[in-house]
Amino acid sequence: MSKKTSKKPAVAYFCMEYGLSSDFKIYAGGLGILAGDYMKGAKDHGYPIVGVGIKWKQGYGDQMIDKDGRPFDAYHNYVYDFLKDTGVTVDVEIRRTTVKCKVWLVDCFGNAPLYLLDTDIPENADRWITGQLYGWFGEERIAQEMVLGIGGVRALRALGIDVDVYHFNEGHALFAGFELLREELKTLKKKKQKKPFKTALQRVREKVVFTTHTPVIQGNESHPIDRIMYMGANLDLSRKQLKKLGGEPFNMTVGALRMARKSNAVAQLHGETANKMWAHVKRRSEIVAITNGVHVPTWVDSAVLKAAKSRKKNALWDAHMANKKALVDFVKKRTRKQLDPEKLIIGFARRAVAYKRADLIFRKPEIIEPLLNSQKVQIIFSGKSHPLDDLGKELVANIVAMSKKYPKSVVFLENYDMTIGAALTRGADVWLNNPVRPKEASGTSGMKAAMNGVLNLSTLDGWWPEACQHGVNGWQFGDGFESDNQEEQDTHDLDALYKVLQEEVLPTFYDDKEKWQEMMKASINTTLEQFSVKRMLDEYYELLYPG
Ligand SMILES: *Cc1c(COP(=O)(O)O)cnc(C)c1O
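Residues numbered from 1 in each chain as written. Predicted model: local features only at pLDDT ≥ 70, side-chain atom pairs only at ≥ 80, totals over all residues. Heavy atoms only, no water.

A. Highlighting unusual backbone geometry. For the bond running from Glu 248 to Pro 249, omega is 0 degrees, close enough to zero to count as cis. With respect to the helices, strands and loops of the structure, Pro 249 is situated in the loop between helix H6 (239-246) and strand S11 (250-251). With omega at 5 degrees, the peptide bond leading from Arg 437 into Pro 438 counts as cis. Locating Pro 438 in the fold gives a position in the loop between strand S17 (430-433) and helix H15 (445-451). Unusually for a residue other than glycine, Asn 415 sits at a positive phi of about 60 degrees. Note on placement: Asn 415 falls in the loop between strand S16 (410-413) and helix H14 (418-427). Positive phi outside glycine occurs at Asp 479, with the angle close to 55 degrees. Tracing the backbone through its elements, the reader meets Asp 479 in the loop between strand S19 (474-476) and helix H17 (486-511). (Helix = DSSP H or I, 4+ residues; strand = E, 2+ residues; numbered from the N terminus.)

B. Molecular detail of the sheet that holds S16. Strand order in the open sheet made by the 6 strands is S16-S15-S14-S17-S18-S19, with parallel pairing throughout. Looking along the sheet, the strands with just one partner apiece sit at the ends: S16 and S19. Pairwise comparison of adjacent strand axes, ignoring direction, gives a mean angle of 20 degrees for this sheet. For strand S14 (residues 344-349) and S17, the ladder comprises 2 bridges, and the chain directions are parallel. If you follow Gly 347 over to S17, its bridge partner there is Trp 431. Strands in contact with helix H18 (residues 513-527) are S14, S17, strand S18 (455-458) and S19; relative to S18, the strand with the most contacts, it is inclined by about 85 degrees. (Pairing = 2+ DSSP bridges. Axes fitted to C-alpha atoms, helices over the stretch in contact; angles between N-to-C directions. Contact = heavy atoms within 4.5 Å.)

C. Spotlight on the site of the ligand. Close to the ligand lie Gly 29, Gly 30, Ile 33, Trp 299, Tyr 416, Asp 417, Met 418, Gly 443, Thr 444, Ser 445 and Lys 448. A distance of 2.5 Å separates an oxygen atom of the ligand from a polar atom in the side chain of Ser 445. For the ligand, an oxygen atom lies 2.6 Å from a polar atom in the side chain of Lys 448. Against a free-state accessible area of 380 Å², the protein chains account for coverage of 93% of the ligand. Only helix H1 (30-44) and H15 provide two or more residues apiece to the shell around the ligand. Considering only residue class, the shell around the ligand consists of 4 nonpolar, 5 polar and 2 charged. When residues of the shell around the ligand are assigned to domains, at least three map to each of domain 1 (11-294) and domain 2 (296-531). (Near = heavy atom within 4 Å. Polar contact = N/O pair within 3.5 Å; in protein donor to acceptor, adjacent residues only side chain to side chain. Areas by Shrake-Rupley, 256 points an atom, 1.4 Å probe, with all protein chains shown as cover. Nonpolar A, V, L, I, M, F, W, Y, C, P; charged D, E, K, R; others polar. Domains from an automatic or database assignment.)

D. Highlighting helix H7 (residues 252-259). With 8 of 8 residues buried, H7 is to be regarded as a mostly interior element. Every buried residue belonging to H7 is among Met 252, Thr 253, Val 254, Gly 255, Ala 256, Leu 257, Arg 258 and Met 259, and all of these are buried. Here H7 starts with a cap whose side-chain oxygen sits 2.8 Å from the backbone nitrogen of Thr 253, and that cap is Asn 251. (Buried < 20%, exposed > 50% of the residue type's maximum accessible area, 1.4 Å probe, protein only.)

Below, the structure is given as structure tokens:
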């Protein structure tokens, strides 16, 4: 591969989820949005990429709010008539039973076809493996990952697709590496090679790269080795070899770090964090930093981009107001609440997990309440919790309670999806983001906002330290402070948030629209190229894919 330097390597990209459009429900959140934007970018810029994923029957599920203000999950079976039948079916042995995986094609990406595996066919006794994305418990998760990884490699073989590089986006795809190992071992054993495992692993490593995501320990999946063996996911690997790769319990991220030739983190700060976090893992690949990017045509309003170049006095503000009014109408339609488009709107949409601190801004009512009651500050929230995460559900319920306590100025939009994401990152004035540094790996919603002239107000976490020019293209708060004491961390960040909000954001918004527009322009100009998926793909081909 390295000899053919003029030709771009052909990449097979493996991911559990793809966020391609709101009603194609095979995604849950940020990981899927990244994968979807990656495929769209591959098409736009002519990269030789093949995507491998799963056709989820019920997706991640819809999360609605009941009349008591608590979230509940609802599932529906989806049928998609635009999927092409490849005629290919591959077998994967799961729990000693042959499972047939049908291969569908999403062919709207031209040079970048996306293949989706599906177990929901009459030949299977268990048709539900590809039922719910991230659904259920350990065994089912492994079964799903076997379909993606083992089934995925077999599908590529059956389709006759040549691959130079196998890219595992997140540890979910690791079993693809086991299948590659099995293939290599088969050839080596035929040749009666000594120490076949060592050679096979070397050969597989030459072909595999890996993207690691969350720096939150619990977000890195692990399984007892017994369970992996019971499911048959180990293929030809012994217990001892499994332990050598992923430890005991078997950690999917650790396994992937060891199976890859090179790995990447998803922002520069995350590169530092990930290298520290996995420093204890011996014989692992190096982790370079390649910051995520977003697909500009999907997420950025072209009218705003055009207005940002215009010399007409209020062109940019007018273009933004059109999006803001559309957002206010959207909120009205969904919640019957009427926000005031002349007043500040803050957007906040994320997965409901503790470190993202969705409720932070409410924690000192004596400060925030007068601002909410006067509607000087209006906030629109959205976000789902994982269906099995009770703590996450509590967080959602808390925000819903706030929207009842401050009915004029706080809104919660149920069932966060790409439609809500797009409406918010276009129509809000300010994009609030207050994770506990350094737990946010990247955070692409802030990039979408920045490119639409929606000003980021964020702790220095994820991608934001790379872009932030305080008071020029948005604001930071907290100065990158980190403490192991949660209470100290929260108090520090909250005070900093209020200070910037009251002393900089509100005065600029209400008293200096000219400066606000200048900041919007700076926000767009400093992010549009640097955080586009094109730049990310170029870096993958420069730093990650070459052998
Ligand atoms: C952009 C987007 C994400 C990822 O954004 P984060 O900043 O990582 O939270 C997740 N979900 C949806 C629906 C999005 O549009």
